[in-house]
Amino acid sequence: MRWIDMGNIRTNRVGEQIKKELSQIIQREIKDPRIGFVTVTGVEVSGDLSQAKVFISVLGGEEQRGDTLKALEKAKGFMRTEIGRRVRLRHTPDLLFKFDESVEYGSRIESLLTKIKEEEEEKE
């Protein structure tokens, strides 16, 4: 059981390191104009470190999100090379970009709660 825990700690640590490095790479080194305001919200690395799901949040509409995803896919090779250089691993994980729906979900919950509060204040 102890080996499983140690492996999980390692994947979490690798995920956090990849998140940090990817954030810097996207902000400072990728010059694609299609990439707007992107935030790397999390990285989940598979147990064998072969894949990394990168959760992103994009400021803007549906079209902006699509353009950003295309630009990130195009720059994936460059990002993997940079991560391989910065994070010491035998094999650099394959990057899979996914939108982090939790940010939108949280915003929706917050707006609903605000609306309920306003309705309650109107009744009083």
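Refer to the structure presented above.
Residues numbered from 1 in each chain as written. Predicted model: local features only at pLDDT ≥ 70, side-chain atom pairs only at ≥ 80, totals over all residues. Heavy atoms only, no water.

Q: In this structure, what is going on with helix α3 (residues 76-86)? I would like to understand it.
A: One turn of the α-helix equals 3.6 residues, which is why residues spaced by three or four share an orientation. Turning to α3, its buried residues are K76, M79, E82 and I83. Taken around the axis of α3, the buried residues stretch over an arc of 125°, which confines them to a single face. (Buried < 20%, exposed > 50% of the residue type's maximum accessible area, 1.4 Å probe, protein only. Helix = DSSP H or I, 4+ residues; strand = E, 2+ residues; numbered from the N terminus. Arc of directions from axis to C-beta.)

Q: Teacher, can you tell me more about the sheet that holds strand β3 (residues 94-99) here?
A: Backbone hydrogen bonds are what pair the strands of a sheet, in a parallel or an antiparallel way. The three strands are arranged β1-β2-β3 in an open sheet whose pairing can be described as mixed. If you trace the sheet from one side to the other, it starts and ends with β1 (38-45) and β3, each paired once. Adjacent strand axes in the sheet meet at a mean angle of 30°, parallel and antiparallel pairs treated alike. Relative to strand β2 (residues 51-58), β1 is paired through seven bridges, and the arrangement is antiparallel. The residue of β2 that forms the bridge with G42 is F55. (Pairing = 2+ DSSP bridges. Axes fitted to C-alpha atoms, helices over the stretch in contact; angles between N-to-C directions.)

Q: Is there a simple way to explain the side chain of K76 in this structure?
A: Here K76 shows up in helix α3. One polar contact links the side chain of K76 to the main-chain carbonyl oxygen of L95, over a distance of 3.0 Å. (Polar contact = N/O pair within 3.5 Å; in protein donor to acceptor, adjacent residues only side chain to side chain.)

Q: I keep staring at the nonpolar core and nothing clicks. Help me out?
A: In terms of nonpolar packing, the biggest core is built from 26 residues, with L22, I26, V54, I56, M79 and L95 touching the most fellow members. Counting only elements with at least two residues in this core, the list comes to α1 (2-28), β1, β2, α2 (62-74), α3 and β3. (Core = buried A, V, L, I, M, F, W, Y, C linked by side-chain atoms within 4.5 Å.)

Q: Before we go on, may I ask you to explain α2 in this structure?
A: Taking 1.5 Å per residue as the helical rise, α2 with its 13 residues ought to reach 18 Å, and the 19 Å between its terminal C-alpha atoms agrees with that figure. All of the buried residues along α2 are R65, T68, A71 and L72. Projected down its long axis, α2 carries its buried residues within an arc of 130°, all on one side. Exposed positions of α2 whose direction lies more than 90 degrees from the buried face are E62, E63, K70 and K74. (Expected span 1.5 Å × (residues − 1).)

Q: Mind showing me how you'd approach the pairing of β3 here?
A: Across a regular strand the side chains alternate sides, sitting on one face of the sheet and then on the other. On β3, burial follows the alternation: L95, F97 and F99 on one face are buried, whereas D94, L96 and K98 on the facing-out side are not. Strand direction decides the pairing type here: β2 and β3, joined by six bridges, are parallel. Paired with Q51 across the two strands is D94, which belongs to β3.

Q: Before we go on, may I ask you to explain unusual backbone geometry in this structure?
A: Note: most peptide bonds trans; most residues except glycine with negative phi. One non-glycine residue, L49, lies in positive phi territory at about 60°. Tracing the backbone through its elements, the reader meets L49 in the loop between β1 and β2. L49 sits in the buried class, given a relative accessible area of 11%.

Q: Even after reading the chapter, I still don't get a nonpolar patch on the surface, so can you show me in this structure?
A: Residues Y105, I109, L113 and I116 make up a contiguous nonpolar surface patch of roughly 420 Å² in combined accessible area. Relative to the assigned elements, I116 resides in helix α4 (residues 101-123). Using a relative accessible area of 46% as the deciding quantity, one classes I116 as partly exposed. (Patch = residues over 30% accessible without salt bridge, like charges linked within 9 Å, V, L, I, M, F, W, Y side chains within 5 Å. Areas by Shrake-Rupley, 256 points an atom, 1.4 Å probe, with all protein chains shown as cover. Salt bridge = Lys/Arg side-chain N within 4 Å of Asp/Glu carboxyl O.)

Q: Quick question: what am I supposed to make of the environment of R28 here?
A: Structurally, R28 can be placed in helix α1. In this structure the C-alpha to C-alpha distance between R28 and K117, which are 89 residues apart in sequence, comes to 41 Å.

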